[in-house]
Amino acid sequence: MTHVVSDTAVLTGRSLRHITRSLDTIITTAITPIAMMLMFVYVFGGAIDTGTDSYVDYLLPGILLITIASGIAYTAFRLFTDASSGIFERFHSMPIARSSVLWAHVLTSLVANLVSLVVVVGVALVMGFRSGAGLLGWLAALGILVLFTLALTWLAVIPGLTAKTVDGASAFSYPLIFLPFVSSAFVPTATMPGPVRWFAENQPVTSIVNSLRSLFAGQPVGGDIWIALAWCVGLLVVAYAVAMVTYHRRIS
């Protein structure tokens, strides 16, 4: 176990150094969601009636999910790059734990996305975001975001290992980025026409956004949190199982 942990730590440091040297990664995972938040709050916010005093408070949970979806596209990209360049074979020829190669990418995704989330929340605070949550509320919100990040990261592993081109590796994230727009992230679902409203109310983003919004406001969460957790855990388990099968086939 010590061998696995040390190998994973070294390879995670390698992946994190690659991120710090890539300006494009920083722009996409942090600056783009911030630009969207600025546009929606200061351009569209005055025309959207959400029944709340502060639109940035209403908007932030959805922006956080978009930040994560943007970030995990780079997980698939980095995996594809390593797999197609032969670095996997080089690592596996060394006396290191085979699982550490994959776990390093997963942990890198988690760390990078958490940093991006902190930056986005910091900007939201400057824009007027205020939370009535206590320590437990913030920890619960962090737990949901971590689960969501891990679920999407393991999902990203699959195209990262199976895609034929670099564009195909990262293109899977586009529908994930789009999902918050057809949810309660930007406007109440009650304002949507019938079929769109049904889809919005029964897809995972809405329950996750509603849970985060209630936690940030310090209000009772209700049943949404259990639905959100079920979606996150279910997706995580399925994505992990498929990703591990795909990984073992790739290195066998």
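Up top is the structure these notes are about.
Residues numbered from 1 in each chain as written. Predicted model: local features only at pLDDT ≥ 70, side-chain atom pairs only at ≥ 80, totals over all residues. Heavy atoms only, no water.

### Describing the overall build of the protein
So, point 1. A count of helical and extended segments in the protein gives eleven helices and zero strands.
So, point 2. Of the regular secondary structure in the protein, the N- to C-terminal order runs α-α-α-α-α-α-α-α-α-α-α.
So, point 3. A compact globule built from 252 residues should have a C-alpha radius of gyration of about 18 Å, and the protein, at 19 Å, falls within 12% of that.
So, point 4. Over its C-alpha atoms, taken along the principal directions, the protein stretches across nearly 60 × 35 × 35 Å.
So, point 5. Looking at the protein as a whole, 48% of its 252 residues are labelled buried.
So, point 6. A sequence separation of at least 24 residues applies to 80% of the contacts in the protein between residues at least 6 apart.
So, point 7. Element-wise, carbon and sulfur atoms account for 70% of the exposed surface of the protein, whose accessible area totals about 12,000 Å². (Helix = DSSP H or I, 4+ residues; strand = E, 2+ residues; numbered from the N terminus. Rg over C-alpha atoms; globule rule 2.2 N^0.38 Å. Buried < 20%, exposed > 50% of the residue type's maximum accessible area, 1.4 Å probe, protein only. Contact = heavy atoms within 4.5 Å. Areas by Shrake-Rupley, 256 points an atom, 1.4 Å probe, with all protein chains shown as cover.)

### Regarding helix α11 (residues 224-251)
For an α-helix, 3.6 residues make a turn, and residues three or four places apart therefore share a direction.
So, point 1. Between its first and last C-alpha, α11 extends 40 Å over 28 residues, near the 40 Å set by a 1.5 Å rise per residue.
So, point 2. Every buried residue of α11 is accounted for by Ile 225, Ala 228, Cys 232, Leu 236, Ala 239, Ala 243, Met 244, Thr 246, Tyr 247 and Ile 251. (Expected span 1.5 Å × (residues − 1).)

### Quick word on helix α3 (residues 55-85)
So, point 1. Helix length check: α3 (31 residues) gives 46 Å between terminal C-alpha atoms against 45 Å at 1.5 Å per residue, within 8%.
So, point 2. The sharpest bend along α3 comes to roughly 30°, located at Pro 61.
So, point 3. Here α3 lies mainly inside the structure; 26 of its 31 residues are buried. (Bend = angle between axes of the 7 residues up to and from the residue.)

### Digging into the packing of aromatic side chains
So, point 1. Scanning all chains against the criterion turns up ten aromatic pairs.
So, point 2. Consider the rings of Tyr 74 and Phe 77, whose centres lie 6.3 Å apart with planes at 75°: the pair is edge-to-face. Placement of the pair is Tyr 74 and Phe 77 together in helix α3, with a separation of three residues, close to one helical turn.
So, point 3. Centre to centre, the rings of Phe 181 and Phe 186 are 4.8 Å apart; their planes meet at 10°, and the pair counts as stacked.
So, point 4. Overall, Phe 186 belongs to the buried group, its relative accessible area being 5%.
So, point 5. Following the ring pairs from residue to residue traces out a cluster consisting of Phe 40, Phe 44, Phe 181 and Phe 186. (Phe/Tyr/Trp six-rings, centres within 6.5 Å; stacked < 30°, edge-to-face > 60°.)

### Some details on the nonpolar core
So, point 1. With 47 residues, the main nonpolar core has Met 37, Leu 59, Leu 64, Leu 65, Phe 186, Ile 208 and Leu 212 as its most contacted residues.
So, point 2. Elements with a minimum of two residues in this core: α2 (23-44), α3, α5 (98-126), α6 (135-162), α10 (204-217) and α11.
So, point 3. Counting residues per element, this core draws most heavily on α3, which supplies 14 residues.
So, point 4. With sequence-adjacent residues up to four places away left out, Met 37 is seen in contact with Val 56, Leu 59, Leu 60, Ile 63, Val 120, Val 123, Ala 124 and Met 127.
So, point 5. With 21 residues, the next largest nonpolar core counts Val 101, Leu 150, Val 157 and Leu 161 among its residues. (Core = buried A, V, L, I, M, F, W, Y, C linked by side-chain atoms within 4.5 Å.)

### Quick look at the packing of α6 against α11
So, point 1. Two elements in contact, α6 and α11, have axes separated by 8 Å at closest approach and are oriented at 30°. As summarised for this structure, α6 and α11 are arranged roughly parallel, according to the angle between their axes. Crossing angle aside, the handedness with which α6 passes α11 is left-handed. (Axes fitted to C-alpha atoms, helices over the stretch in contact; angles between N-to-C directions. Parallel < 35°, antiparallel > 145°, perpendicular 65-115°, else oblique. Left-handed = near helix turned anticlockwise from the far one by under 90°.)

### Some details on the packing of α6 against α10
How two helices sit against one another is set out by the angle between their axes and by the gap between those axes.
So, point 1. Where α6 contacts α10, the axes come no closer than 8 Å and their chain directions differ by 160°. It follows that α6 is roughly antiparallel to α10 by the angle criterion. The handedness of the crossing between α6 and α10 comes out as left-handed. Residues Gly 137, Trp 138, Ala 140, Ala 141, Ile 144, Leu 145 and Phe 148 of α6 lie in contact with α10, whose contacting residues are Ile 208, Ser 211, Leu 212, Leu 215 and Phe 216.

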